Amino acid sequence: MDRVRQHWISMGVRTSWEIWDKAASEMSRKYKFDLIKDINDSTRRQLGRAIGEWIESGESFPDLVRRVRRVLPAEPPPKGVRDRARLIATTETTRIYADSRVAGMQAAGLRHMRWRTAEDELVCPLCAPLGTANDGQGAKGDASSGTFMDPVTGGAIGPPPRHPGCRCWIVEDTEELNDLLATMPEYKPKPEPPPEGVFPFRVQDLQIDRSVRLSGAHRKEVYIAPDGSRWLFKPQDEFRAIGDKVAYDLAKALDLPAAETYVIEIGGRKGSIQRMFDVRASLRGVDPAGLTEEQIVRIQKE
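Residues numbered from 1 in each chain as written. Predicted model: local features only at pLDDT ≥ 70, side-chain atom pairs only at ≥ 80, totals over all residues. Heavy atoms only, no water.

**Q** Which residues make up the sheet that holds strand S6 (residues 207-208), and what values go with them?
**A** One open sheet holds the five strands; their spatial order is S6-S7-S8-S10-S9, and the pairing between them is antiparallel. Two strands close off the open sheet at either side, each with one partner strand: S6 and strand S9 (261-266). Strand direction decides the pairing type here: strand S8 (residues 230-235) and strand S10 (residues 269-275), joined by five bridges, are antiparallel. Looking at the pairing, Pro235 lines up with Gly271 of S10. Against the sheet, helix H8 (residues 238-253) touches S8, S9 and S10, its axis set at about 155° to S9. (Pairing = 2+ DSSP bridges. Helix = DSSP H or I, 4+ residues; strand = E, 2+ residues; numbered from the N terminus. Contact = heavy atoms within 4.5 Å. Axes fitted to C-alpha atoms, helices over the stretch in contact; angles between N-to-C directions.)

Encoded structure:
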């Protein structure tokens, strides 16, 4: 199932909870809440805004109840209802999430959906058979029409909520997702580029070039990266390594030529690593043995 979701994401079709949240938030602001009696249009708009802001905020359910309570008229609740704000918060968020999910499945081209319940002692006799149908997979629904078949009566019913206070929800059909997976090539995510300032390769992927022998006051090693680029590693204390990196960053900020430099650790040794450049073309015809010390230093700096 994860591979299917990754494919959808790569194609611009997302089915994560974050996307459902966004869809539900947008729908709540457009929802008419016409099934709630005894409130005017202004209150309905305020209710939609309150639910949308709650979805975006990531607050807890009691926070939503408080938001709804502030919007509702200060009137006694209907007979038999102890907490009207809680009842509306539960029912209407269930409705918004279900309707937005159906719309999302239709947009993604999915044909089937499944009914889910909270699977606790509060699940009612109306919803329990829907959640346990098909060996616990849940009643199967038609995403195109947004309807389910009631396993008890055999009749068509709409998505949640089935009744006031319903806590049920809907999900994609696993069988359909598996069938979709079988038609797709193996998903290979594109590697994300490393953050700026971080060495662009894994240290374990570097190959030391033992054909190179470098002299000088400090030990140096040449490594070859997976892309064929060559890097000069200088094992040294962290302070000196950071100094090399700072020098590179400063030159880069001043738009001066400088070798790309990072602070890394290879084989338990800290140090700096710098990208090497192929200067053979520019030095063609030059006899290294005939270079003065001043010329060598100048070449190194350039």
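This is not the end of the story, as more comes after the structure.
**Q** Explain the sheet that holds strand S1 (residues 112-116) to me, and be specific about the residues and the numbers.
**A** Sheet architecture is open: five strands sit in the order S4-S3-S2-S1-S5, paired in antiparallel fashion. The open sheet is flanked by strand S4 (156-157) and strand S5 (169-172), the only strands paired with a single partner. Bridge count for S1 against S5 is four bridges, and the pairing is antiparallel. In the strand pairing of S5, Met113 is matched with Glu172.

**Q** An account of the packing of helix H3 (residues 41-57) against helix H4 (residues 61-71) is requested, with residue identities and associated values reported.
**A** Any two packed helices are characterised by how steeply their axes cross, that is the angle between the axes, and by the distance between the axes. The interhelical angle for the contact between H3 and H4, taken along N-to-C directions, is 160°, at an axis separation of 9 Å. Between H3 and H4, the angle falls in the class roughly antiparallel. Here the hand of the crossing between H3 and H4 comes out right-handed. Here H3 contributes Thr43, Gln46, Leu47, Ala50, Ile51, Glu53, Trp54 and Ser57 to the contact with H4, which in turn contributes Phe61, Asp63, Leu64, Arg67, Val68 and Val71. Broken down by class, the residue content of the contact of H3 with H4 amounts to eight nonpolar, three polar and three charged. (Parallel < 35°, antiparallel > 145°, perpendicular 65-115°, else oblique. Left-handed = near helix turned anticlockwise from the far one by under 90°. Nonpolar A, V, L, I, M, F, W, Y, C, P; charged D, E, K, R; others polar.)

**Q** I'd love a proper account of the packing of H3 against helix H5 (residues 84-108), names of residues and values included.
**A** Where H3 contacts H5, the axes come no closer than 11 Å and their chain directions differ by 75°. With respect to H5, the axis of H3 lies roughly perpendicular. On the side of H3, the interface is formed by Leu47, Ile51, Trp54 and Ile55, while H5 contributes Ile88, Glu92, Thr93, Ile96 and Tyr97. Class assignment for the residues of the contact of H3 with H5 results in seven nonpolar, one polar and one charged.

**Q** Mind laying out the environment of Tyr97, listing which residues take part and the relevant values?
**A** Inspection of the secondary structure puts Tyr97 in helix H5. Separated by 72 residues in the primary sequence, Tyr97 and Trp169 have C-alpha atoms spaced 7.5 Å apart.

**Q** Account for the nonpolar core, with residues named and values stated.
**A** Core analysis: the largest hydrophobic core is formed by 17 residues, its most contacted members being Met113, Trp115, Cys127, Ala139 and Phe148. When contributions to this core are tallied by element, the ones reaching two or more residues are H5 and S1. Core analysis: the second largest hydrophobic core is formed by 15 residues, Ile39, Leu47, Ala50 and Val68 among them. (Core = buried A, V, L, I, M, F, W, Y, C linked by side-chain atoms within 4.5 Å. Buried < 20%, exposed > 50% of the residue type's maximum accessible area, 1.4 Å probe, protein only.)

**Q** Give a description of H5 that names residues and reports values.
**A** The periodicity of an α-helix, 3.6 residues per turn, causes residues three or four places apart in sequence to face the same way. For H5, spanning 25 residues, the distance from its first C-alpha to its last is 36 Å, which sits close to the expected 36 Å at 1.5 Å a residue. Phi turns positive, to about 80°, at Gly109, one or two residues after H5. (Expected span 1.5 Å × (residues − 1).)

**Q** Kindly report on the confidence of the model for the protein chain, identifying the contributing residues and their values.
**A** On average, residues of the protein chain carry a pLDDT of 77, and 71% of them reach 70 or more. Here residues 1-5 scores under 50 on pLDDT; set against residues more than four positions off or in separate chains, the count is 10 contacts. Predicted confidence is poor over residues 7-17, with pLDDT under 50, and the contacts of this stretch with residues over four places away or in other chains come to 21 contacts. (pLDDT = per-residue confidence, 0-100.)

**Q** Before we move on, can you summarise the packing of aromatic side chains with the specific residues and values?
**A** In total, this model carries seven aromatic pairs according to the counting rule given. Plain terms: the ring middles of Phe199 and Tyr262 are 5.6 Å apart, the flat faces sit at 70° to each other, and that makes the pair edge-to-face. With Phe199 in the loop between helix H7 (174-182) and S6 and Tyr262 in strand S9, the pair connects residues that are 63 residues apart, well separated along the chain. Of the residues examined, Tyr262 reaches a relative accessible area of 9% and is grouped as buried. Where Phe201 meets Trp231, the ring centres are 6.3 Å apart and the plane angle is 75°; that geometry is what we call edge-to-face. Residue Phe201 is found in the loop between H7 and S6, and its partner Trp231 is found in strand S8; the two are separated by 30 residues along the sequence. Each member of the pair, Phe201 together with Trp231, is buried. Ring-pair connections join several aromatic residues into one group, and the members of that group are Phe199, Phe201, Trp231 and Tyr262. (Phe/Tyr/Trp six-rings, centres within 6.5 Å; stacked < 30°, edge-to-face > 60°.)

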